[in-house]
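Below, each chain spelled out in residue letters.
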Amino acid sequence: MHMDRLIFELKASVEATSLYILMCAFLDQGEAPTLELAKSRWNGDERSLATAAAELMDLGVIERAAPVPMDLPLNLMPSSLWHWPTPETL
């Protein structure tokens, strides 16, 4: 199981948290976590998917890539490397 329950304490948006859970599910199924694959299961549009991915990159949850690749696997980072909110940012 790849999902780290600390994602719920990170204070990410619902969309970013949903994308993280989806990416972890792909890994659990032995699939590469790409945005192209996520798009087929995403309830929003492609722009909201890219926004969620960018937020996860900003939070250090997935490795930063510019531009955000649709067809390349995204690298999930361990929670010890995530950018945790400070009291000023909450």
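A quick note: this is a predicted structure, and the numbers were derived from the prediction, not measured. (Residues numbered from 1 in each chain as written. Predicted model: local features only at pLDDT ≥ 70, side-chain atom pairs only at ≥ 80, totals over all residues. Heavy atoms only, no water.)

### Digging into the overall build of the protein
- Each helix and strand in the protein was counted, giving three helices and zero strands.
- Listing every helix and strand of the protein by position from the N terminus yields α-α-α.
- For the protein, the C-alpha radius of gyration of 12 Å lies close to 12 Å, the compact-globule estimate for 90 residues.
- C-alpha extents for the protein along the principal axes are approximately 35 × 30 × 25 Å.
- Taking all 90 residues of the protein together, the buried fraction comes to 36%.
- Long-range pairs, those at least 24 residues apart, make up 49% of the contacts in the protein with a sequence separation of at least 6.
- Total accessible area on the protein stands at roughly 5,500 Å², and carbon and sulfur atoms take up 56% of it.
- For the protein, the distance from the average site of its 6 positive side-chain charges to the average site of its 13 negative ones is 3 Å. (Helix = DSSP H or I, 4+ residues; strand = E, 2+ residues; numbered from the N terminus. Rg over C-alpha atoms; globule rule 2.2 N^0.38 Å. Buried < 20%, exposed > 50% of the residue type's maximum accessible area, 1.4 Å probe, protein only. Contact = heavy atoms within 4.5 Å. Areas by Shrake-Rupley, 256 points an atom, 1.4 Å probe, with all protein chains shown as cover. Lys, Arg positive; Asp, Glu negative; His and termini not counted. Charge placed at Lys NZ, Arg CZ, Asp CG, Glu CD.)

### Description of unusual backbone geometry
- In this chain, Ala66 is followed by Pro67 through a cis amide linkage whose omega measures -5 degrees.
- One non-glycine residue, Lys11, adopts positive backbone phi at about 65 degrees.
- Mapped onto the secondary structure, Lys11 falls in the segment before helix H1 (14–28).
- Look at Lys11 and you get exposed, because its relative accessible area is 60%.

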